[in-house]
Amino acid sequence: MNPQPAPARFSVLGQLALYALYTVAGLVAIVWLLGLAAGSTGSAVTGGAIDTGNNAITIALRTEPPQLDYGRATDSISLTVLFHTVEGLLTYDDNMALIPGVAERHEIRGDGATFWLRGDARWSNGEPVTAHDFVFAWRRVQDPATASAYAFIMYPVKNAEAINRGELPPEALGVRALGDRVLEVEFERPTPYFDKLVAFVTFYPVNEAFFQSTDGRFGASADMLLYNGPYVMNEWIHSASMRWDRNPDYWGGHKGFIDTIHVGYITQDVNARLNLFKDGQIADTQLVPQMLGEAMERRWQIDRSMDGTVFFLQLNFRDGRLTANKNFRKALLYAQDPVEFVYKALKEPSYMPAVSLFPFWIRGAEGYFRQEHPPTPHEYNVAKAREHLELARRELGLETFPPIHLLADDSPLGSISSEYYQAVYTRNLGLELRIDKQIFKQRLAKMDAGEFDIVVSGWGPDYDDALTFGDLFSSWNLNNRGRYASPEMDALVRIAQSELDPVKRMAAFGEIQDLVHEDVVIVPMYERGWSFVVDPRLKGFKRRAVGPEVDYTYARIDGRAAD
Amino acid sequence: MRFTLLMWPGGGMAWYVCKRLLQGVLTVWFIATATFFAMHNVPGDPLLNDRAMTPAIRANLEARYGLDQPLLNQYLIYLGNLARGDFGISFTQENRQVNDIIREHFPVSATLGILAVVFAAAGGVLWGALTALYRNRLPDYLIMFLVILGISVPSFVVAALSQLGLVSLNNLTGRSLLPVAGWGSVYHMLAPALVLGLSTMAYLTRLMRSSMLEIIDSDFVRTARSKGVPPALIFSRHQLRNAILPVVTVLGPQIAVITTGGFVVELVFAIPGLGRFFVEAVQQLDYTVIMGTTVFYGAFLVFMVIVVDLLYGVIDPRVRLQ
Amino acid sequence: MGVRHTRCRQPAAADRAYAADAVNTSLQTLFRHPCLQSRRICLVGSGSMRGSGELMYSAADFLPAGERRDAHGISRPSLSYLEDAWLRLKANRRALVSLYLVIGLLLFTIAGPWVWRIDPAAQDLDQVSQPPGVDRAALIVPEYQSWDGSGPEGPLHVVGDATSQSVRLKWDALPGANGHRVYRNVFPVGPELAYGMPLAEFYNNAILYHEDRLDLRPGRYYYSVVALGADGAVTDNHQTIPVDVRRVTTLAEARERGLSGEQTGELAVGDSIELQPHPFGTDYLGRDMLARLMAGARVSLFIGIVAPALFVLFGVAFGATAGFIGGRVDQLMMRFADFVVALPFLLFMILFKIAFGIGPGESGVMPMLVAMVVLLWPATARLVRGQILQLREAAYVQASQLLGARTNYLVLRHMLPNTLGVVLVTLTFEIPKAIFVEAFLSFIGMGVAPPTPSWGSMSNEGIATMLTTPHELIFPALFISITVLAFNLLGDGLRDALDARMRNAG
């Protein structure tokens, strides 16, 4: 159309190149300006995953900690941050054993407990941590105005529940400071596991004067918190990064070996975290099954640990539900094989097919609970399942079964679980399952309202005691969303709550375990775990089943001692 | 269509701006109302959590967020707060004001968005001009092929692949040439901004190309050529300048789209932008954050449209002359 | 104005008279479709130019044209609007290829499941995440029986056959071990002592066996048993053996899937058979990718085509009404459209999607559809209103009105047909956008509910396995890209063919 002479084109191109040059210059200027602007919204970490010279590491967190006001915190990421920076009466060591924290020693009796506090525990503003800090913190948790979602965990303390309901003033709480260094607790009922409870964040101390000075913004930013743990959070840029520095005033030398921990990245995307690890930017990362092939190819030393959570199909016992029929539930139990689900569908080497409500790491009277009280092995038996289904059909007087509603959340695991179980029950029992996939809060609302037959759910531990799982199906427990109710279970839970003899107490848990299996309250699926990889220069890193998700308090950089 | 409004009789520019702003406020009210009722229509309960609550704890929480009021009261209270510019406290990040969330995270999205638009505009004009110069020859085909890729591959695939590419690049060279994810320096922005601007760049390239071709065939270019004006001058004075106009026109709306549409890129590149907050807030049914982000983005969009309309009159003399 | 019009303005001598005649054609003919009419002339004009060659003018050419009886006759065969567009489209090779692609995709979606009769939800756990074209030979073995760790003693060895059903390992306690951890690797353990993935650990020496059933594929594995130190930490003390795993299946599985061996007659344990073929491989639950792509196409194309069709239709009705009525009603209606346009689209898409909710067993396609229709109609409405306003002022419409045409006639005869081109083009361009929206929603986990597949949700699932089994991402992503591309190019072609005025409008 417009043939241009060849030499002319060269100058046209020259013109264009000139414009390109202007553009590039402009771009550089803009980028530079934007870079200045971005400095305040994130922090550039340059040391890489392991900075041996500065004794610092960089890590990534899954999400922003939503709530660092520990009187109100509920989630595992907040727990993780708080575990590194604040310390309660007792805490955990690197093998998940309970060790002294702010309390040097303690005594638990039938009617109460006494904690003797150490004199050298200090807040990061230099003030000592006293018994009054605990009294203030605990009263605040129960105060209705605080609206703490985890207030229930303190209900074993005398009058706690009444205060939380607004029937008594917070001062009526059964906890007193006898001087600065003795904390006296009165129980509502015998609570033999109270030492495990006080390691939980809800029981952490709060300095009253500092709390008042925050003017309702306690925990909102790095300077709106006081620290008494092995690390101090000196910087927190929301949703972007944090910096934890070793607390020079921490009383013990057994924790906190790394000088600085940079939380350089906060991202939910597990692929992004893997890429950061591959790029040498973070010290450890989780591996999902699809990543294991590459991890092996890169000759990484893969590790695994339990996450603590047990997943199961919770069945609905409300009247009119098919799942209220025991034979129907037995059919559901026998017709599926958690081994196939975990190993073939999920392909997760770190997960364990579940057989019981209690995960395998729960401690018993002496050793592991499940060694003392072995659960009934799972029986995958389609023929038997069909027999039970036939019995159920006759008992219910049905020609055919109506569709079953399988409720699940919108996570990828929720999808795989529901797809797998839908196919299994269709294939083995000829049942029609309808998947009801809902966002998290919607699923919870439906669970509370009982709008399901089966729901894919999980239960994680709050504290290191069998009761954190054991009381789940008592008739008064609001988390018993299938509304299973049996006097036998309630009686057993009462024993488990208050029995002071550990052997008898564990026996009660053993019976709870058998009852859950016999009544098919749940169909166990798996115990969740983590496959992960750690930079070989970092030693002593732990992933935990109870408390924080990841634990760097015992971590140290290899070869650091040599230089 | 919108631009014809600028031909206001008597030239009452101030009055016109006032009117537009008033319409904008009305629009924001409409957005707030639609969001409020759509959100409260979502089945589920923002206060629920994994651990069930006793009725006492629940009542305490409801009182804290004002959920114990009837819906209409909540709406009126909300509008009142909105008028004062107060979006309330987040449900999931219970210590943070939604205002703070927006203030801290919108600049991140905006920075990324601006850079993406700049990339897109600069790239679009350059590539578009090149393709037009080399019409139906190799560079044209090559660039158009890339454009087609940019248009037809979903953004999450592009983002994931480009991150993987960065890792390979760093591993291959043995140095951290560009960060793989995160935020905080210029280098963190380059890759995500390119990915974010990619589809817009492709779109602008196409636009620039056709716009250039049209002008190459136009009368004034032919006239200039026949007068013996050197091709380079024709190119810079006539073709490029006139061809850029339509690109500038679509750029305004594109800026708004890009600065608000970075969910995917923010997620994949671990960027603390506002987009992530909205998606997470919806999944968590965080009422105040949903309201805050929607109303804020809505207001931003409305404002951008007004600004672009006004600017258009400045840029294009033809509109002014009429 | 485009190339063709430029040519049109320089008609050959022989045609000038014709062109002049055409301008003088009776109002009736001309007013029917003025712009189309002129384009028809273009076609004719350029056609005859090709034959005429050089332009030669003589004085006679500049004389007034004489009276001609047949001046009002039409000398060329009349082309309808669509015939004309079709001719143009056919001349555009890219658009034509796109058209064939679109037809192919529709065939794939509609007829595909009739040809490839595999249930997209059927899980084949013997072939999980299988890339296309792998060896499918399998041996029939008895049903799985659980194992209590019995078998011959000795250093690390396999008990029984190593099959894809299970690998049974047994070992003697390593010297000084306080327990053992079992690892599996697909590579030999090198000097880095990367043992592979940990399968199990035993914190005492009571248990010296392990049965591996984790996602076993045919091929060679390297199993290691590593001694644990006193603190439970992994030591360098280890033993590794290579194990060759064979693919097996059980009789029940084979019967259920209707497989038969090479030999006729009843299958028996020990027979070798071929497992079900999966031409596009399988996904993470062993479901046939081809069947899922077809089923996914139904969802993605349904949303991609029906949603735009609905909101464009609504937009046309809304815009036409507003434009035709005009005045205050028009102002009010357009103000409302402005409100809807101002809603941040993706945010509201997500919000509406969950507000409409999905019941048990529903796929979630309908809420997505409704949300799209509610949010996306105003663009079309504005466009159509603008067109209608323009057309209302057009000379031929006013002439038609003067000639006594009724409103119905005006709308149906002049207004709507003349907006048809714009609407069709908009529709074609909205389709890829809708497909992207579906993919985006699936990416953030708010797409269709399982087990319904869609291309978006399939690519989202595939991203996780991008490196190990790329086919799970490539196929759905490719289908999305092809579809989006085809509709985009088709849109370009249609725009050129239907309405030359819009050709460069972006």
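Heads up: these notes are all about the structure in this document.

## Some thoughts on the sheet that holds strand β6 (residues 112-117) of chain A
Residue and element names in this part refer to chain A.
Now for step 1: Pairing is antiparallel in the open sheet, where 4 strands are placed in the order β5-β6-β8-β7. In the strand order of this sheet, the two ends are held by β5 (103-108) and β7 (175-177), each with one partner. Geometrically, the sheet is characterised by an average inter-axis angle of 15° between neighbouring strands, direction not taken into account.
Now for step 2: Bridge count for β7 against strand β8 (residues 182-186) is 3 bridges, and the pairing is antiparallel. In the sheet register, R176 faces β8, and the bridge partner there is E184.

## Structural notes on the side chain of Q283 of chain B
Now for step 1: Within the fold, Q283 of chain B resides in helix α11 (residues 274-284).
Now for step 2: Taking the relative accessible area as the measure of exposure, Q283 of chain B reaches 19% and is therefore buried.
Now for step 3: Apart from residues lying up to four places away in sequence, Q283 of chain B is in contact with D410, I439, F440 and K441 of chain A together with I444 and M446 of chain C.

## Structural notes on the packing of helix α7 (residues 270-278) of chain A against helix α6 (residues 155-173) of chain B
Now for step 1: Relative orientation of the contacting elements α7 of chain A and α6 of chain B amounts to 10°, with a least axis distance of 9 Å. Compared by their axis directions, α7 of chain A and α6 of chain B come out roughly parallel. Residue-level inspection shows N271, A272, N275 and K278 of chain A of α7 of chain A in contact with α6 of chain B, the latter providing Q163, L164, V167 and N171 of chain B.

## Looking at the pairing of strand β4 (residues 180-185) of chain C
Residue and element names in this part refer to chain C.
Now for step 1: Across the 6 residues of β4, 6 count as buried, placing the element largely inside the fold.
Now for step 2: Burial along β4 is two-sided: the face carrying H180, V182 and R184 and the face carrying R181, Y183 and N185 are both buried.
Now for step 3: Bridge analysis of β4 against strand β5 (residues 197-202) gives 5 bridges, and the strand direction is antiparallel. Bridge assignment links R184 to a residue of β5, and that residue is M197.
Now for step 4: When β4 meets strand β7 (residues 219-228), the two strands line up antiparallel, connected through 6 bridges. Bridged to R181 within β7 is V226.

## Some thoughts on the packing of helix α5 (residues 138-152) of chain B against helix α7 (residues 186-216) of chain B
The description of two helices packed together rests on the angle between their axes and the distance between the axes.
All names here are of chain B.
Now for step 1: Where α5 meets α7, the axes come as close as 8 Å, and the angle between the chain directions of the two elements is 135°. It follows from the interaxial angle that α5 and α7 lie oblique. Handedness of the α5/α7 crossing: left-handed. Facing D140, I143, M144, V147, G150 and I151 of α5, the residues of α7 in contact are L198, S199, A202, T205, R206 and R209.
Now for step 2: Residues that form the contact of α5 with α7 fall into these classes: 6 nonpolar, 3 polar and 3 charged.

Calculation rules
- Residues numbered from 1 in each chain as written.
- Chains lettered and ligands numbered in written order.
- Predicted model: local features only at pLDDT ≥ 70, side-chain atom pairs only at ≥ 80, totals over all residues.
- Heavy atoms only, no water.
- Pairing = 2+ DSSP bridges.
- Helix = DSSP H or I, 4+ residues; strand = E, 2+ residues; numbered from the N terminus.
- Axes fitted to C-alpha atoms, helices over the stretch in contact; angles between N-to-C directions.
- Buried < 20%, exposed > 50% of the residue type's maximum accessible area, 1.4 Å probe, protein only.
- Contact = heavy atoms within 4.5 Å.
- Parallel < 35°, antiparallel > 145°, perpendicular 65-115°, else oblique.
- Left-handed = near helix turned anticlockwise from the far one by under 90°.
- Nonpolar A, V, L, I, M, F, W, Y, C, P; charged D, E, K, R; others polar.

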